[in-house]
Amino acid sequence: GAVRCYTKALKLSDSQAESAVLYRNRSACYLKLDEFSKAEADASKALDTDPGDVKARFRRAQSFQKLGRLDQAFLDAQRCAQLEPKNKAFQDLLRQLGAQIHQKVIFGHSAQLNSTDARVQQMFSLLLDASAKDSDRQKAAQNLVVLSREEAGAEQIFRNDGVKLIQRLLLSKQEDVVLSALRTLVGLCTGHQSRTMAIVNELGMEQLCTVMGSGASTVSLAACHLLQVMFEALTESMKKEIRGKDEAILPEPSKELRSMLRHLLGMMPAANVSGAGRDSAINLLVKQVPRKSLKNPDNSLTLWVIDQGLKKILEVAGTVPELSEGPPLTDNSHMSCSVLLSKLYDDLKSDNERENFNKLCEEYVQQHFSRSSLDAKLRAIQTVSVLLQGPSDVGNRTLEMSGMMDAVISLCASEDVTHQQVAVEALIHAAGKAKRASFITANGVALLKDLYKKSENDRIRVRALVGLCKLGSAGGTDFSMKQFAEGSTLKLAKQCRKWLCNESLPPTSRRWSVEGLAYLTFDADVKEDLVEDKSALLAMFELAKSEDKTVLFAVGSTLVNCTNSYEVEKPDPQMVELAKYAKQHVPEEHPKDAPSYVEKRLVKLLEAGVVSALVCMVKHESPALTEACRDCIARVYLALVERQEDRGTVVAQGGGKALIPLASDNTDLGKIKAAQALAKITITSNPEIAFPGERIYEVVRPLVSLLSLECTLLQNFEALMALTNLAGISDRLRQKIIKENAVPKIEGYMFEEHDLVRASATECMCNLVLSTEVQKLYLATGNDRLKLLVLYSGEEDERLRKAAAGTLAMLTAEQPELCARIPGTTTHWLEIVQTLLLSELSDLRHRGVVIVLNMMQAEKSLAEMLMESEALEILSVLAKGGEGTPEPVSRTAQNCLDKAVEYGIIRNREGREKGKGTEP
């Protein structure tokens, strides 16, 4: 009786949620009636609507149990127990199923389940057995990782006490065993929130952080990757259709998230954490804490990290590696710290939040600077240096604290190399603004020159040299604003190149020489000397490919300067004259910054292998690869693809693929530059070769982003050209373009005043009308889309006429009902069609005869209208062919006449005549 009532209710219900409850209840009825297949089917229907319905899942587990599908029953029962750990019915069912599965294994009724479970146990046994052969253990490790990447395998590992066994593997002294354990955990956590939460709670963050903080960099990176996957599973699994779809009612994972973040912050000052491990922790904080988009109003995670951990981060910032006190660092640690501090500061929303950040930093610096110990003062100065490279406003405030600048200047003259190094670096970072640069030029240049000439330590000399380089370039690209005497910058640059090529120097010292060139290459003479020095270029590119990622921005800046891809505002000529009259300073361009010089420099850079260096710079994730750095790389790429003949070289060396991430993760201007470079490549190269496989679909969004009023007309034009090429390749690409909402934008550009932009938009539409979705737009009534095409087919602009007539030809072929609407678009339609037929250009004649044929095939009345006009005579001439009339045109014209004969509008005698009493 209940089944009948629920069945009737289901027929009356029009609510999905309501129906899910009815299916769940009817499933309970079928269970009582021993109709287990129907019970399972109804429970599954309820779960399709609400994956978090515990009752429906429990009933499906009971149904599976009765049907003998024990492995599926176990998975459902396990999920129920995870959702409600204290529910006795769920625990009882799990125990029953465990016993039944065990019994089945014993009697061999479930060979597949037995096989998988046995394999899992065997793999763990081999990995935990120190006496096993290395080859056997490696194979077991690989198999375990592969198994964990499949949902069923991951669940088997998880179910077989896998996490506890992995915990034992993580304690192994053998690196390959630890790596396999970490990679297996990655498989278990990827896209699965509930399993990730269970693993975080069972393993504990302390053990994972210990592994990440170990000395082995490979293990540290693998642990970092695992934590990244865990963060993503906890924060993003709700948004994506991925494994673990039924987590909709799971508890909010903020507790686990904050536990993970608290442990990462705890790693900052810990002396037992390796430098690589600390860098990994900083990298994770950079990625996970600040908002991905400023449109999201919630920056509570950033505020929490500042409150809980800013001083711990500053402990790393203030550490001077050469002093005994402080945690171990790598060459990247200070730069990574600067990036993290900058990201946190930029994520603040109000003046109060920023003031609190400033106050905490000032308190920390003051606390150390006010001590009598010289080591404490050095820690304060080092902290200021890191702040100046990160949130520079905060750094400038700490630098202006009483006595700070005096201490920096006096320590530059210290006899202790470490003291000198810290002070000189602070001086270099302090010279970031013209105001401060002029102060240091007056007070510190003599000191830096003295250090450069007299110091016996290369570390000090190279840093002093960079200080001089930075001060010498304070005028930027303005040829008339030079701080030093003529030729001084060339001498400094020559020394920088010498340091750069000296492989006996440590990489950090060679990195500083690139920093010097980054400043000096504002001078065009220095640019010319650098590109002529191939050994210096190769040395710089090798550094860019090295593990020391702190060099990335210096290399990027140097290349931006050499390629002149920085923003230059051309002053208004009238304003220049006024400025001269008022005796105000007018910026001057160096003669060697003329386009002809820049073009030659680009060729030299390409010959030296700049593209492979840029590809390596983008490839590896690092906090040092900041948005500013990505912006530089995008600018250089755009300069490299400016000449059409160089684009093949860029693509062949992997430049096309490397540009795709730069178009999505960059500064706003950097995204545009990267997208424009992608457009240039897509226009002249075969997109399927330049962007192989699935990458070609990733190119669409950046190109569509250029269809904006904020972009230049050239960028609009190039994007339209590139989209035209893509739209002509496949229907899947056309669908991707449509999905990115490009069609309305392209239609907007069809009204653009500029001839080339208007024509390229119409060409793009010509390829897009192959899609039925776009055809439907033209079929819809109440718009002038068809009228625009007809009118454009009669315009004087040859390129526009070809595009419009081509679109019209394809539309009328695909959607014959549009043919009848053409006469209603304009009174001049017949004249426009005849003009196409009479065109001197065979392409236009061909489009014209195809349109006429499509109209004649669509309706007899249209054929009559056409045959009663001069079109008959024109078609007759075209059908005869002859010189100047291509075969496709004459054949299509003949088809038009044949159709007219078929309709009985004209007839064949010796020649062709009009019918129905008209004159022959």
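Residues numbered from 1 in each chain as written. Predicted model: local features only at pLDDT ≥ 70, side-chain atom pairs only at ≥ 80, totals over all residues. Heavy atoms only, no water.

So what exactly am I meant to see when it comes to the overall build of the protein chain here?
The helix and strand inventory of the protein chain stands at 53 helices and 2 strands. Counting over 920 residues, the protein chain shows a buried share of 54%. Across the protein chain, contacts joining residues at least 24 apart in sequence account for 69% of those joining residues at least 6 apart. Counting every atom, the protein chain has about 42,300 Å² of accessible surface; 50% of that belongs to carbon and sulfur. (Helix = DSSP H or I, 4+ residues; strand = E, 2+ residues; numbered from the N terminus. Buried < 20%, exposed > 50% of the residue type's maximum accessible area, 1.4 Å probe, protein only. Contact = heavy atoms within 4.5 Å. Areas by Shrake-Rupley, 256 points an atom, 1.4 Å probe, with all protein chains shown as cover.)

Can you help me understand helix α50 (residues 842-858) in this one?
Residues lying three or four places apart along an α-helix face the same way, a consequence of the helix completing one turn every 3.6 residues. The end-to-end C-alpha distance of α50 is 24 Å, a good match for the 24 Å that 17 residues give at a rise of 1.5 Å each. When α50 is considered as a whole, its buried residues turn out to be Leu844, Arg845, Gly848, Val849, Ile851, Val852, Leu853, Asn854, Met855 and Met856. Buried residues along α50 sit in contact with α48 (798-814), α49 (829-837), α51 (860-867), α52 (871-879) and α53 (887-903). (Expected span 1.5 Å × (residues − 1).)

I'm lost on the UniProt feature "repeat: TPR" (unreviewed entry) in the protein chain in this one. Help?
Taken from the UniProt record, the annotation "repeat: TPR" (unreviewed entry) applies to residues 20-53. Between the C-alpha atoms that bound residues 20-53 there is a distance of 9 Å. The span itself is 79% helix and 0% strand. (UniProt positions renumbered as here; feature names shortened; annotations may be inferred.)

Any chance you could explain unusual backbone geometry here in plain terms?
Negative phi characterises most residues that are not glycine, and trans characterises most peptide bonds. Of note, aspartate 34 is a non-glycine position whose phi angle comes to about 65°, a positive value. With respect to the helices and strands, aspartate 34 occurs in the loop between α2 (16-32) and α3 (36-49). Even without a glycine there, the phi angle at asparagine 741 is positive, about 60°. When you line up the elements, asparagine 741 lands in the loop between α43 (731-739) and α44 (743-749). For asparagine 741, a relative accessible area of 47% translates into the label partly exposed.

What am I meant to see in the state of the cysteines here?
Linking two cysteines covalently through their sulfur atoms gives a disulfide. For the structure shown, the criterion picks out 0 disulfides. In this model cysteine 766 remains outside any disulfide bridge; the closest cysteine sulfur is found in cysteine 764, 9.7 Å from its own. (Disulfide = S-S within 2.5 Å.)

So what exactly am I meant to see when it comes to the side chain of glutamine 834 here?
Mapped onto the secondary structure, glutamine 834 falls in helix α49. With relative accessibility at 13%, the residue glutamine 834 sits in the buried group. Only 3.2 Å separates the side chain of glutamine 834 from the side chain of serine 869, close enough to count as a polar contact. Beyond its immediate chain neighbours, meaning those up to four positions away, glutamine 834 contacts Ser869, Glu870, Ala871 and Ile874. (Polar contact = N/O pair within 3.5 Å; in protein donor to acceptor, adjacent residues only side chain to side chain.)

Would you mind showing me how to read the packing of helix α38 (residues 668-684) against helix α42 (residues 713-727) here?
A pair of packed helices can be characterised by two numbers: the angle between their axes and the separation between those axes. Running from N to C, α38 and α42 cross one another at 45°; their axes reach a closest spacing of 8 Å. Relative to α42, the element α38 lies oblique. Taken as a pair, α38 and α42 cross one another with a handedness that is left-handed. Contacts between α38 and α42 involve Ile672, Gln676, Ala679, Lys680, Thr682 and Ile683 from the first element and Leu714, Gln715, Glu718, Ala719, Met721, Ala722, Asn725 and Leu726 from the second. (Axes fitted to C-alpha atoms, helices over the stretch in contact; angles between N-to-C directions. Parallel < 35°, antiparallel > 145°, perpendicular 65-115°, else oblique. Left-handed = near helix turned anticlockwise from the far one by under 90°.)

What should I look at first to understand a negative patch on the surface in this one?
Side chains of Asp346, Glu627, Asp668 and Glu710 sit close together on the surface and give a patch of like negative charge. You can see glutamate 627 is positioned in helix α35 (residues 627-640). Of the residues examined, glutamate 627 reaches a relative accessible area of 36% and is grouped as partly exposed. (Patch = residues over 30% accessible without salt bridge, like charges linked within 9 Å, V, L, I, M, F, W, Y side chains within 5 Å. Salt bridge = Lys/Arg side-chain N within 4 Å of Asp/Glu carboxyl O. Lys, Arg positive; Asp, Glu negative; His and termini not counted. Charge placed at Lys NZ, Arg CZ, Asp CG, Glu CD.)

Just to check I follow, could you spell out the environment of alanine 431 for this structure?
With respect to the helices and strands, alanine 431 occurs in the loop between α23 (417-430) and α24 (434-443). Given the relative accessible area of 8%, alanine 431 is considered buried.

Mind showing me how you'd approach the pattern of salt bridges here?
Pairing between side chains becomes possible if they bear opposite charge and their charged atoms approach one another. One pass over the full model with this rule turns up 41 salt bridges. Note that aspartate 665 is salt-bridged to arginine 630, the shortest N-O span being 3.5 Å. Of the two residues, aspartate 665 sits in the loop between α37 (655-662) and α38 while arginine 630 sits in helix α35, which places them 35 residues apart along the sequence. Relative accessible area serves as the criterion here: at 35%, aspartate 665 is assigned to the partly exposed category. When its relative accessible area of 6% is taken as the criterion, arginine 630 is described as buried.

What is the right way to look at helix α20 (residues 374-389) in this model?
With 16 residues, α20 ought to run about 22 Å at 1.5 Å a step, and its terminal C-alpha atoms sit 23 Å apart, in line with that. Most of α20 is tucked away, with 12 of its 16 residues classed as buried. The complete set of buried residues in α20 reads Ala376, Leu378, Arg379, Ala380, Ile381, Gln382, Thr383, Val384, Ser385, Val386, Leu387 and Leu388. Where the residues of α20 are buried, they touch α17 (300-317), α18 (333-346), α19 (351-369), α21 (392-399), α22 (404-411) and α23.

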